[in-house]
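In case you want the letters, here they are:
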Amino acid sequence: MKTKLKLTTGLVLLTICPALQAQNPVVQTSYTPDPAPFVYRDTVFLFTDHDEDDAQYFKMKDWQLYSTTDMVNWTYRGTPMSTATFQWAKQGDNAWAAQAVERNGKWYWYICAEDTTKHLHGIGVGVADSPTGPYTDPLKRPLIPGDWGYIDPSVFIDDDGQAYLFWGNNGLWYARLNEDMISLGSEVIRVNTEDTDAFGPLVMKHDYQLNKRIPKTNYEEGPWVFKRNGLYYLVYAAGGVPEHMAYSTAKNINGPWKYQGRIMNEAENSFTIHGGSIEFKGRNFMFYHNGLLPNGGGFRRSTAIEEFTFGENGEIPFIPFTKEGVRTPTANLNPYQRVEAETMAFGYGLKTDRQPGNNHYLTSIHNGDWLRLRAVDFKNGEANHVVASLPKVRAGGTIEFYVDNLGGKPIAILPVAPTDKKQQEWQADIQKKVAGIHDLYLLFRGGDDELFDFDWWQFK
Ligand code: FUB
């Protein structure tokens, strides 16, 4: 009964409510707060935190990774780091905001977590040879020991190769990083966040250390530093809670910073906002989080993305929230090569595994769950059949493939019979040839129990 209801609800919602075809939030299989995108070659890697599904307060144990080559179809790349990566950190909680960067073939993922010697957040760094890991903590101690407000690291490498780490809530600090990226090349420098020229007019805000409301500038937390056309940008969560997004600029990384105003309103259904921008394939995208995923809220937040264009003088414009997110993909998806099942533009009712490494799969698949992929290029429509690889079959069921929408007849129905065999490939004939670029939907059908886990599919 429950799954029938789910099937009906899912399909009806999809048919009658075009908003549900929206792109924001961009990941539906998990909560993904504090997005930190990084462009590497033709791929955008999205490093996020992880709010637990049942969180009533900040309940954060690990960090997740997603990637895309087209800005609309996102692939889950695993949960490469958790508090267990950092033996100095409080285990199983307080895995807060982070940002990663690649340098000379190594990946440095700066995180904040609770420093157990101080009982305050400090900043650590995980290092790996690939974005997906495995990550280790070479220091086995915080890079920056815990202190009041020491959260939300943002890493930035200047044109001359000098790297910097900025961080801070209710205060902003920075330090140079040595070339090894795991040691500081300067003392910790405090930016004067009481300077209204730098951070905007004073507002009454709660000071956690003093535990009272005092007048402070706009700067709150979540710094995001980058450089464009010789100008340094500092984007941050602003205004106290509920936070909006604002930015300041400087001609020198050491300041003085000049307040430039609000760029995003208070996040919908979330008292925090946190994110940053990238340029990818000549287009600019602002990442942030909101509480708009079903059952979402201030402690169950999700990444959303808006495209924007810099003003003529380098201004970041005010960026309105949209449900649509990225409207035009930056590339098409090739269905004739292996597509990970955990790649999707939208997923309904689905979960991904929660493990490090490179083998990931879709799970918690029930009757009526579905996913959508955008801009799938079937070219001349030469496919005769579709193959799906399943690491584990549970009750079994079918995978139905639809183009453009979930109505009408599927172009293929792939049956999966119950079996104990692991990692088995299943195949179905294409019943209706499709050419050109289409949205592709995969609809899962079966009985009331969990159907199977799903690894990848491919048109042949
Ligand atoms: O996600 C935990 C904390 O909430 C982050 O560190 C802050 O930036 C805020 O988003």
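Residues numbered from 1 in each chain as written. Predicted model: local features only at pLDDT ≥ 70, side-chain atom pairs only at ≥ 80, totals over all residues. Heavy atoms only, no water.

*Asks:* I'd like to hear about the pattern of salt bridges, residue by residue, with values.
*Replies:* Pairing of side chains with opposite charge becomes possible as their charged atoms draw close. This structure, assessed with the given rule, holds 20 salt bridges. Each of E52, D62 and R354 takes part in a single network of salt bridges with overlapping partners. (Salt bridge = Lys/Arg side-chain N within 4 Å of Asp/Glu carboxyl O.)

*Asks:* How would you summarise the site of the ligand if you had to cite specific residues and measurements?
*Replies:* Residues in close proximity to the ligand include D34, F58, M60, W96, A97, I151, D152, E221, T272, H274, H289 and R301, which together make up its full environment. Here an oxygen atom of the ligand and a side-chain polar atom of D34 are 2.4 Å apart. Interatomic distance of 3.5 Å between a backbone N/O atom of A97 and an oxygen atom of the ligand. Surface burial for the ligand is 99%, taken as the share of its 270 Å² of free accessible area covered by protein chains. In terms of residue class, the shell around the ligand is built from 5 nonpolar, 3 polar and 4 charged. (Near = heavy atom within 4 Å. Polar contact = N/O pair within 3.5 Å; in protein donor to acceptor, adjacent residues only side chain to side chain. Areas by Shrake-Rupley, 256 points an atom, 1.4 Å probe, with all protein chains shown as cover. Nonpolar A, V, L, I, M, F, W, Y, C, P; charged D, E, K, R; others polar.)

*Asks:* Give a detailed account of the side chain of T132, specifying residues and quantitative values.
*Replies:* Mapping T132 onto the fold places it in the loop between strand 7 (120-128) and strand 8 (154-157). Only 2.9 Å separates the side chain of T132 from the side chain of S130, close enough to count as a polar contact. Each residue touching T132, except ones within four places of it in the same chain, is listed here: L65, R77, P80, G357 and N358. (Helix = DSSP H or I, 4+ residues; strand = E, 2+ residues; numbered from the N terminus. Contact = heavy atoms within 4.5 Å.)

*Asks:* Before we move on, could you go through the domain arrangement of the protein and cite the residues and values that matter?
*Replies:* What the domain assignment lists for the protein is domain 1 (24-308) and domain 2 (339-459). Between the C-alpha centres of domain 1 and domain 2 the distance comes to 34 Å. The interface is formed by 19 residues belonging to domain 1 together with 20 residues belonging to domain 2. For the domain 1 and domain 2 pair, buried surface summed over both sides reaches about 1600 Å², with 42% attributable to carbon and sulfur atoms. If you sort the residues of domain 1 by the area they bury against domain 2, Q28, T29 and Y76 come out on top, with a joint share of 39%. (Domains from an automatic or database assignment. Buried area = accessible area lost by both parts, 1.4 Å probe.)

*Asks:* Could you give me a rundown of the packing of aromatic side chains, with the residues and numbers involved?
*Replies:* A complete count under the given rule lists 40 aromatic pairs for this structure. Ring centres of F47 and W107 lie 6.3 Å apart, and the angle between their planes is 35°; on these two criteria the pair is classed as tilted. Within this pair, whereas F47 is found in strand 2 (residues 43-48), its partner W107 is found in strand 6 (residues 106-115), the two being separated by 60 residues in sequence. The same class applies to F47 and to W107, which are both buried. (Phe/Tyr/Trp six-rings, centres within 6.5 Å; stacked < 30°, edge-to-face > 60°. Buried < 20%, exposed > 50% of the residue type's maximum accessible area, 1.4 Å probe, protein only.)

*Asks:* Any chance you could break down the UniProt feature "active site" (unreviewed entry) in the protein for me, citing the residues and the numbers?
*Replies:* Taking the UniProt record as the reference, the feature "active site" (unreviewed entry) is found at D34 and E221. A maximum C-alpha distance of 11.2 Å places the annotated residues, which cover 188 residues in sequence, within one compact spot. Those residues in contact with D34 that lie beyond four places of it in its chain are F47, T48, D49, M60, A97, A98, H274, H289 and R301. Ignoring sequence-local partners within four residues, the contact set of E221 consists of I151, D152, G168, N169, Y236, A237, E243 and T272. Separated by 2.8 Å, the side chains of E221 and N169 make a polar contact. (UniProt positions renumbered as here; feature names shortened; annotations may be inferred.)

*Asks:* Talk me through the confidence of the model for the protein; I want residue IDs and the actual numbers.
*Replies:* Mean pLDDT over the protein: 94, with 95% of residues reaching 70 or higher. Low pLDDT, under 50, characterises residues 1-20; the stretch is placed with 26 contacts to residues that sit more than four places away or in other chains. (pLDDT = per-residue confidence, 0-100.)

*Asks:* Give me the lowdown on the sheet that holds strand 20 (residues 302-308), citing residues and values where you can.
*Replies:* With antiparallel pairing, 3 strands are arranged side by side in an open sheet as 18-19-20. Two strands in the sheet have a free side with no partner beyond their single neighbour: strand 18 (276-280) and strand 20. Here the strands of the sheet are splayed against their neighbours by 30° on average, with no regard to which way each runs. Relative to strand 19 (residues 283-290), strand 18 is paired through 5 bridges, and the arrangement is antiparallel. Looking at strand 19, one finds that E279 is bridged to N284. (Pairing = 2+ DSSP bridges. Axes fitted to C-alpha atoms, helices over the stretch in contact; angles between N-to-C directions.)

*Asks:* If you had to explain the pairing of strand 2 to someone new, which residues and values would you point to?
*Replies:* Among the 6 residues that make up strand 2, 6 are buried, leaving the element largely enclosed by the rest of the structure. Along strand 2, one buried face is formed by T43, F45 and F47 and the opposite face, lined by V44, L46 and T48, is buried too. Where strand 1 (residues 36-40) lies against strand 2, 5 bridges are found, and the strand directions are antiparallel. Within strand 2, the residue paired with V39 across the bridge is V44. Connecting strand 1 to the next strand, strand 2, in antiparallel fashion are 2 residues, including R41 with a positive phi near 55°. Looking at chain direction, strand 2 and strand 3 (residues 62-68) are connected through 5 bridges and run antiparallel.

*Asks:* Requested: an account of the side chain of D70, with residues and values cited.
*Replies:* Relative to the elements of secondary structure, D70 occurs in the loop between strand 3 and strand 4 (74-82). No salt bridge forms around the buried D70; measuring N to O, its nearest opposite-charge neighbour R374 is 8.1 Å away. A polar side-chain atom of D70 sits 2.9 Å from a polar atom in the side chain of T68. (Lys, Arg positive; Asp, Glu negative; His and termini not counted.)

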